[in-house]
Amino acid sequence: MKILIGTAVALSMVGSIAAIAHEGATGVVKERMEGMKAIGQQVKIMVPMMKGTLPYDPDQVAKAATIIEGHSGETFTALFPEGSNDKPSEALSDIWEDWSKFTDLANELNAKAGDLKTVAVSGGSEDDFKATLGSMMQTCKSCHSNFKE
């Protein structure tokens, strides 16, 4: 659980750093940065629930998961045309060298956001929420570790 909370804190700090990185971004790079920012904002909403500093709110989790779903999967990978990694992009060329792994992670994020929404709308427990959010955040971490500068 400590690892999950550490990951949560690290991911929640991405928003502040991202604002600086987005300066000068245009076109598809700006679109994907805005999508990542939207995902990060939703994670920031849920992290305090995961840590227990805010009460678990299934309605808010369902809304957050829906937003993440909308910015993941094929919607996400469409924002990575080959060679779109010039600055200020932080995308590594490894994305296009291992496109299969990249798309698998984008689709995995979509599926795990769907799982998170299912937990929230089906009356899943707070522990179910924490485990599912932790799993989704591990997908984020894996993609960032492999494909982000």
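See the structure printed just above.
Residues numbered from 1 in each chain as written. Predicted model: local features only at pLDDT ≥ 70, side-chain atom pairs only at ≥ 80, totals over all residues. Heavy atoms only, no water.

S.K.: When you look at the overall build of the protein chain in this model, what are you seeing that I'm missing?
M.R.: For the protein chain, the count of helices and strands is 7 helices and 0 strands. In the protein chain, buried positions account for 43% of the 149 residues. Here the analysis covers contacts within the protein chain between residues at least 6 apart in sequence; of these, 75% occur between residues at least 24 apart. A total of about 7600 Å² of accessible surface is found on the protein chain, and carbon and sulfur atoms cover 54% of it. (Helix = DSSP H or I, 4+ residues; strand = E, 2+ residues; numbered from the N terminus. Buried < 20%, exposed > 50% of the residue type's maximum accessible area, 1.4 Å probe, protein only. Contact = heavy atoms within 4.5 Å. Areas by Shrake-Rupley, 256 points an atom, 1.4 Å probe, with all protein chains shown as cover.)

S.K.: Where do I start with a negative patch on the surface in this structure?
M.R.: A surface patch of like charges, here negative, comprises Asp94, Glu97, Asp98 and Asp104. Mapped onto the fold, Glu97 is located in helix α5 (residues 94-97). On the basis of relative accessible area, Glu97 is assigned to the exposed category, the value being 63%. (Patch = residues over 30% accessible without salt bridge, like charges linked within 9 Å, V, L, I, M, F, W, Y side chains within 5 Å. Salt bridge = Lys/Arg side-chain N within 4 Å of Asp/Glu carboxyl O. Lys, Arg positive; Asp, Glu negative; His and termini not counted. Charge placed at Lys NZ, Arg CZ, Asp CG, Glu CD.)

S.K.: Where do I start with the nonpolar core in this structure?
M.R.: One recurring pattern in soluble globular proteins is that nonpolar side chains are buried together. Core analysis: the biggest nonpolar cluster contains 22 residues, and Met46, Val61, Ile68, Leu116, Phe129, Leu133 and Met136 have the highest contact counts within it. For this core, the element with the highest residue contribution is helix α2 (residues 27-51), accounting for 6 residues. Apart from the residues lying within four places of it in its own chain, the contact partners of Val61 are Met46, Met49, Tyr56, Leu116, Ala120 and Phe129. Formed by 11 residues, the second largest nonpolar core is a distinct cluster that contains Phe80, Ala91, Ile95 and Ala106. (Core = buried A, V, L, I, M, F, W, Y, C linked by side-chain atoms within 4.5 Å.)

S.K.: Sorry, what's going on with the state of the cysteines here?
M.R.: A covalent bond between the sulfur atoms of two cysteines is what we call a disulfide. Across all of its chains, the model carries 0 disulfides by this definition. Lacking any disulfide linkage, Cys140 is separated from the closest cysteine sulfur, that of Cys143, by 8.0 Å. You can call Cys140 buried: its relative accessible area is 11%. (Disulfide = S-S within 2.5 Å.)

S.K.: Would you mind going over the side chain of Thr139 with me for this structure?
M.R.: Looking at where Thr139 falls in the secondary structure, it is placed in helix α7 (residues 126-147). Overall, the relative accessible area of 3% leaves Thr139 in the buried class. Setting aside chain neighbours within four positions, we find Thr139 in contact with Leu105, Glu108, Leu109 and Lys112.

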